[in-house]
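Reading the structure
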Amino acid sequence: QVQLVESGGGLVQAGGSLRLSCAASGRTFSNYAMAWFRQAPGKERDRVARISSSGLSIDYADSVKGRFTISRDNAKNTVYLQMNSLKPEDTAVYYCAASTKAHIYTPPSQYAYWGQGTQVTVSS
């Protein structure tokens, strides 16, 4: 079993920054790709960013490129999402997820483990 616990969400003004963390336990964290997803009210869950097991391969959704940075610390079993220049449209519940693969090119169905989510609200 894998447990993922997100933290770092909150309320911020447009243009501000937040850093989300996701602490993992229960299996060898460094063997698997990780990702951040988000879901706004009334919308589907979308992938925001993903990172390979080694951290060398990274991919972002077009909507966050240049503003968000995903990273991981395998020694701490933690993945991060640094969010800068936040916009009201970034408001959503953010989830971290652990893949069953080491590389990033997998569909959402390959992410077998999910955190409980953390709310990010960006005011205009």
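Residues numbered from 1 in each chain as written. Predicted model: local features only at pLDDT ≥ 70, side-chain atom pairs only at ≥ 80, totals over all residues. Heavy atoms only, no water.

**Details of the nonpolar core**
Residues Trp-36, Leu-81, Met-83 and Tyr-94 are the most contacted members of the largest nonpolar core, which totals 28 residues. Contributions of two or more residues to this core are made by β3 (18-25), β4 (34-39), β5 (46-51), β7 (68-73), β8 (78-83), β9 (92-99) and β11 (118-123). In this structure Tyr-94 touches Glu-6, Leu-20, Trp-36, Phe-37, Arg-38, Val-48, Phe-68, Leu-81, Met-83, Gly-117, Thr-118 and Val-120, once residues within four positions along its chain are discounted. (Core = buried A, V, L, I, M, F, W, Y, C linked by side-chain atoms within 4.5 Å. Buried < 20%, exposed > 50% of the residue type's maximum accessible area, 1.4 Å probe, protein only. Helix = DSSP H or I, 4+ residues; strand = E, 2+ residues; numbered from the N terminus. Contact = heavy atoms within 4.5 Å.)

**Quick notes on the environment of Gly-10**
Position of Gly-10 relative to the elements: it lies in strand β2 (residues 10-13). Taking the relative accessible area as the measure of exposure, Gly-10 reaches 25% and is therefore partly exposed. As a C-alpha pair, Gly-10 and Leu-20 span 10 residues in sequence and 9.6 Å in three-dimensional space. Excluding its chain neighbours within four sequence positions, the residues that come into contact with Gly-10 are Leu-18, Gln-119, Val-120 and Thr-121.

**Things to note about the side chain of Ser-52**
Residue placement: Ser-52 occurs in the loop between β5 and β6 (58-60). Its relative accessible area of 5% is what places Ser-52 among the buried residues. For Ser-52, the side chain forms a polar contact with the main-chain nitrogen of Leu-56, separated by 3.4 Å. Setting aside residues up to four positions removed in sequence, Ser-52 forms contacts with Ala-33, Ser-57, Arg-72, Ala-102, His-103 and Ile-104. (Polar contact = N/O pair within 3.5 Å; in protein donor to acceptor, adjacent residues only side chain to side chain.)

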